[in-house]
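# Descriptive structure summary
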Amino acid sequence: MLNNSQTTYITQTLSVSSNSVNQTIQLLAEGATVPFIARYRKEKTGGLDEVQIADIKKQFEKFQEADKRRLAIISSIEEQGKMTPNLLAKLNKALHLKELEDLYLPYKQKRKTKGVIAIEKGLEPLAKRIFAQRESSLDQLTAQFLNNDVKSKEEALQGARDIMAEWINENLESRNRLRTIFEREAIISAKIKKGKETEGIKYKDYFDFSQSLRNVPSHRLLALRRGEKEGFLKVSIDIDTDKALNILDRQYVQGMPACKEQVELAIEDAFKRLLNPSIENEFNGLSKEKADEAAIQIFATNLRQLLLSAPLGQKRVLALDPGFRTGCKTVVLNELGDLLYDTVVYPTFKKNEAEITIKKLVADYKIDAIAIGNGTASRETEDFVKSINTGVKGIYVVSEQGASIYSASAVAREEFPNKDVTVRGAVSIGRRLKDPLAELVKIDPKSIGVGQYQHDVNPKFLKESLDSTVESCVNSVGVELNTASKHLLAYVSGLGPSLAQNVVDYRMKNGKFTSRKQLLKVPRLGGKAYEQAAGFLRIHGAKDPLDNSAVHPERYDLVKKISKDKGVTINTLIEDEAIRKSINLKEYVSAEVGLPTLTDIMAELAKPGRDPREQLEAFEFGNVHTIDDLKEGMVLPGIVTNITAFGCFVDVGVHQDGLVHVSQLANKFVKDPNEVVSVHQKVQVKVMEVDASRKRIALSIKEV
C-alpha cells in the first residue's frame, strides 16, 4: 500500500480524494479490474471513472517500482558502511526514481573514472583542501602529494580537478539547478548529416531545425527521433552554456584566488564532460516519454472510436473483398457470422456471370446487407453491386485495415484451416460490418491502422494502453455469452485467454448457458473471476431477465426486493417506466449500496441488454474514383479514417486519404482534433489542393 506522502502526491496530481485513492488501490490489490471498479464500486471510489482509476493504478505501479529500487539502494549503501541517519531519511522521503538515483549517485559503484583514478593516487585530501578554497598558495600544498604516481604539480592539480568535477556532478542541488534551466530554456535542434540530403529528403523540414523543447509537438519530436534513428539527422538538446556555468560558479566559487581558479576549471569540466551530457540524456528520455504518451493517447482514442463503431448486428451478410485481375472474393455469413459459402466473381471481365452469381446468393441466402472492402477496386465493385439491383438496401464500404494481418494469423488458421487467406479476409470484412468490436479484437491493435508513429513509441507502454482500451470497450458494450468468440471473451473483466477458452469449451460440451450462475461450473472459474466477469456477460433469452443486463448478480436480491415492494414481477418493472419512476431510491440506500449504484440499476432496467453503440448509417461517396478525378474547390462526402495531433485523414473514395490539417478543421483554434472529429465520422470536405505525383490531397472541413 501507499505511505502518506505517496497518497498526498496522487491526490494532488490527479485531483481526487485520499479516500478514493486508498479505496481504489485496495480494490486493485484484491484483484479487481479497472472496468469492474468503475462500474460496480462507485460508492467506494467516490464515483471515479475508468480514466481516473487507470491513472491511480499507473501512479501506484510507479511507486511500487520506486519502493523496490529504494530497498536495493539502501541495501547497497549499508553494505558499503556509508549509511547515515540523515541519508536514510532522505532516501525514505524520496518519491520518485529520479530522486532516488540522484541520492545514490555518490555511492554508486563506478567504473574506472578519472576521479576514481585520482583518488587511488592519494589526491582526495588535496581536492578537499582546494575545494574548501582557504589556501593562499598551492605550490607548497601540491608538493606534499608528489610521488611515483604523481610526478608534477600540474598532474596533482589535474587529479584534484577530476575529483572535484565528480563531486559537482553528484551534487543534488547542482543537478536540480541545471534541470530547471533545461526545463525552461532547452532548445532541440536538428541538422541533416552531410551527404544525406537526397536520401533523407522526407525529413527536409528538419534539415536546419530548432525549437523550444518544452513547446515541440509530440509528432514533430517523434519525427526528429525517427530521422535520427534512420541516420539522416543529428539531433541535440542544448542550453545556454555561459548561463549554466555562471549558476554553478555562484554555487561553488567563494574563496581564495588560487583555489577559485582550480574550482572554476573543475566546474567547467564537470559541466561539459559530466553534468550536461547526463541531464541532456535525461531530458531526451523525458521528452521522448512525453511524446510517446501523447502519441499513445491519440492511438488509444482513435482505437476506442473505431472499436465502438456502429454495428449492423445479427444480419445475413454478403461480403466482397474487391480485386481486378484476381476477382472479388465473395462470402456469405449467417446472423452469427458463420461462413456458409464462398466463391470468386469477376465483375471486370465476366460481368454477366458475376451479376447472376451475386443475385442468386442474395436470393438463396436471404441477404440483409452487402459489405465491400475499401481496398483496390473498391469503388468499381461498389458501382457494380449497386448497378445490378439486388434488392438489398444496405450496401456498405468497410475498412480493410488489418484484414490481411488477420487472414494470415494463427487465429484465422484456427477458425478456417481449410480456407486460403483471401477467403478469410472476405470473412473479416463481413464480420466487421456486423460487429466491428468482436472482429477487431482478433487483430493486434498496432495493425489496425489508426494513430501516428506507433512504431516509434515505447512498445511496452503502447501495448498496455491499447490492451486497456480494448478491455474498456469490450466491457462497456458487454458480451453475449453464448455467441462470443474466445478472443472477445478474453477481454472480459476477470477472464483472460485461459478462462475464455474454458468458457468456450464448456459451451461446446454442455450447450448454451441459460444463466450466469452456470459460469461457476466452468473449470477454474472461481468466485473472484465470477464476481469480476458476470456483470459484463449477457445471456439473451435467459429465464432471469437480469442475466441479459448490466445489473450485477450481487444486486439481484435488491432488484427482487424493489419489485416485491411494488407488487410486480421483474419483467413488469423492466417494461413499465411509470413504476420505475415511482420508486424512491433513497429507501434502498444501505451501507453497501448507495445512490450511484441504485441509479445505475434503474438506468439498466430501462434498457436491459441494449447495445450502447450508435446505429449504423448508410453512406455514399461522391462521383469520384481516382485522385485524377479530384479538382480544387470540389465539395465531397468523406469518412474520417485516422486522427493525429496535426489533423485528420479522410477517405473521399479515391484510394488515397486526404489530410485535413488541424487549421482546417473549424473556424476556431483547435488544440486537439478529437475535439471536433472522430474516427468513422461522416464529414463534408472541400478539396483545397491535389498533388497527384506525390499522392497528396489537402482538404478542408471549415471551408464547407
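Going by the structure above, here's the rest.
Presented here is an overview of the structure given in this document. (Residues numbered from 1 in each chain as written. Predicted model: local features only at pLDDT ≥ 70, side-chain atom pairs only at ≥ 80, totals over all residues. Heavy atoms only, no water.)

## Here's the deal with the overall build of the chain
The secondary structure content of the chain amounts to 29 helices and 15 strands. Summarising its shape, the C-alpha atoms of the chain cover approximately 105 × 70 × 50 Å along the three principal directions. Relative to its full complement of 704 residues, the chain shows a buried share of 48%. Sequence separation of at least 24 residues holds for 65% of the intrachain contacts in the chain that already meet a minimum separation of 6. (Helix = DSSP H or I, 4+ residues; strand = E, 2+ residues; numbered from the N terminus. Buried < 20%, exposed > 50% of the residue type's maximum accessible area, 1.4 Å probe, protein only. Contact = heavy atoms within 4.5 Å.)

## A look at helix 5 (residues 50-79)
Its 30 residues place the ends of helix 5 44 Å apart at the C-alpha level, agreeing with the 44 Å of an ideal helix rising 1.5 Å per residue. Buried within helix 5 we find Ile 53, Ile 56, Gln 59, Phe 60, Phe 63, Ala 66, Arg 70, Ile 73, Ile 74, Ser 76 and Ile 77. Those residues of helix 5 hidden inside the fold are in contact with helix 1 (4-14), helix 2 (18-29), helix 3 (34-40), helix 6 (85-93) and helix 7 (97-104). You can read the cap of helix 5 off the contacts: a side-chain oxygen lies 3.1 Å from the backbone nitrogen of Val 51, and it is on Asp 49. (Expected span 1.5 Å × (residues − 1). Polar contact = N/O pair within 3.5 Å; in protein donor to acceptor, adjacent residues only side chain to side chain.)

## Observations regarding the pattern of salt bridges
The tally for this structure, following the rule as stated, stands at 43 salt bridges. Residues Glu 154 and Arg 161 are paired through a salt bridge, measuring 2.9 Å at the closest nitrogen-oxygen approach. Glu 154 sits in the partly exposed class, given a relative accessible area of 45%. Taking the relative accessible area as the measure of exposure, Arg 161 reaches 9% and is therefore buried. The residue Arg 226 makes a salt bridge to Asp 456 at a minimum N-O spacing of 2.5 Å. Placement of the pair is Arg 226 in helix 13 (residues 218-229) and Asp 456 in the loop between helix 21 (436-440) and helix 22 (459-477), with a sequence separation of 230 residues. (Salt bridge = Lys/Arg side-chain N within 4 Å of Asp/Glu carboxyl O.)

## Details of the packing of aromatic side chains
Per the counting criterion, the structure on display carries 13 aromatic pairs. Measuring from centroid to centroid gives 5.3 Å for Tyr 206 and Phe 209, while their planes differ by 75°, and the two rings are edge-to-face. The same class applies to Tyr 206 as to Phe 209, namely buried. Chaining the aromatic ring pairs together yields one cluster made of Phe 36, Tyr 40 and Phe 536. We note Lys 350 situated over the ring of Tyr 346; from NZ or CZ to the ring centre the distance is 5.4 Å. (Phe/Tyr/Trp six-rings, centres within 6.5 Å; stacked < 30°, edge-to-face > 60°. Lys NZ or Arg CZ within 6 Å of the ring centre and 35° of its normal.)

## Some remarks on the pairing of strand 8 (residues 394-398)
Remember that side chains alternate between the two faces of the sheet whenever the strand is regular. The element strand 8 is extensively covered by neighbouring structure, given that four of its five residues are classed as buried. With five bridges joining them, strand 7 (residues 369-373) and strand 8 adopt parallel strand pairing. Bridged to Ile 372 within strand 8 is Val 397. With respect to chirality, the unit in which strand 7 leads through helix 17 (residues 378-387) into the neighbouring parallel strand 8 is right-handed. (Pairing = 2+ DSSP bridges. Right-handed = clockwise from strand over helix to strand, strands pointing away.)

## Side note on the sheet that holds strand 1 (residues 187-192)
If you walk across this open sheet you meet the three strands as 2-1-3, and the pairing is antiparallel. Each having just a single partner strand, strand 2 (208-212) and strand 3 (233-238) make up the two edges of the open sheet. Looking at each pair of strands side by side, their axes are set apart by 15° on average, direction ignored. With six bridges joining them, strand 1 and strand 3 adopt antiparallel strand pairing. Of the residues in strand 3, the one forming a bridge with Ile 188 is Ile 237. (Axes fitted to C-alpha atoms, helices over the stretch in contact; angles between N-to-C directions.)

## Thoughts on the sheet that holds strand 5 (residues 328-333)
Strand order in this open sheet of five strands is 6-5-4-7-8, and the pairing throughout is mixed. The strands lining the two open edges of the sheet, one partner per strand, are strand 6 (339-345) and strand 8. Each adjacent strand pair in this sheet contributes to an overall mean axis angle of 20°, direction not counted. Strand direction decides the pairing type here: strand 4 (residues 317-321) and strand 7, joined by four bridges, are parallel. Within the sheet, the bridge partner assigned to Ala 319 lies in strand 7 and is Ala 371. On the sheet, helix 16 (residues 351-364) packs against strand 4, strand 5, strand 6 and strand 7 and is oriented at approximately 170° with respect to strand 6. Running at roughly 130° to strand 4, helix 20 (residues 421-434) makes contact with strand 4, strand 5, strand 6, strand 7 and strand 8 of the sheet.

## A word on the side chain of Glu 382
Among the secondary structure elements, Glu 382 is positioned in helix 17. Overall, Glu 382 belongs to the buried group, its relative accessible area being 3%. Those residues in contact with Glu 382 that sit more than four places away from it in its chain are Ile 372, Val 397 and Phe 621.

## Brief notes about helix 11 (residues 153-170)
Over its 18 residues, helix 11 runs 26 Å from end to end, which matches the ideal 26 Å to within 8%, given 1.5 Å per residue. A large share of helix 11 lies buried, amounting to 13 of its 18 residues.

## Details of the nonpolar core
The biggest cluster of nonpolar side chains holds 161 residues, and the ones touching the most others in it are Ile 130 and Leu 489. Considering each element in turn, this core owes the most residues, 18 residues, to helix 15 (residues 257-307). Setting aside chain neighbours within four positions, we find Ile 130 in contact with Leu 138, Leu 141, Leu 157, Ala 160, Met 164, Cys 259, Gln 262 and Val 263. (Core = buried A, V, L, I, M, F, W, Y, C linked by side-chain atoms within 4.5 Å.)

## Observations regarding unusual backbone geometry
Glycine aside, residues mostly have negative phi, and peptide bonds are mostly found in the trans state. Positive phi outside glycine occurs at Gln 133, with the angle close to 60°. Summarising the element assignment, Gln 133 is placed in the loop between helix 9 (124-132) and helix 10 (139-143). Of the residues examined, Gln 133 reaches a relative accessible area of 3% and is grouped as buried. Unlike most non-glycine residues, Asn 389 shows phi in positive territory, near 50°. Positionally, Asn 389 belongs in the loop between helix 17 and strand 8. Residue classification places Asn 389 among the exposed positions, given a relative accessible area of 65%.

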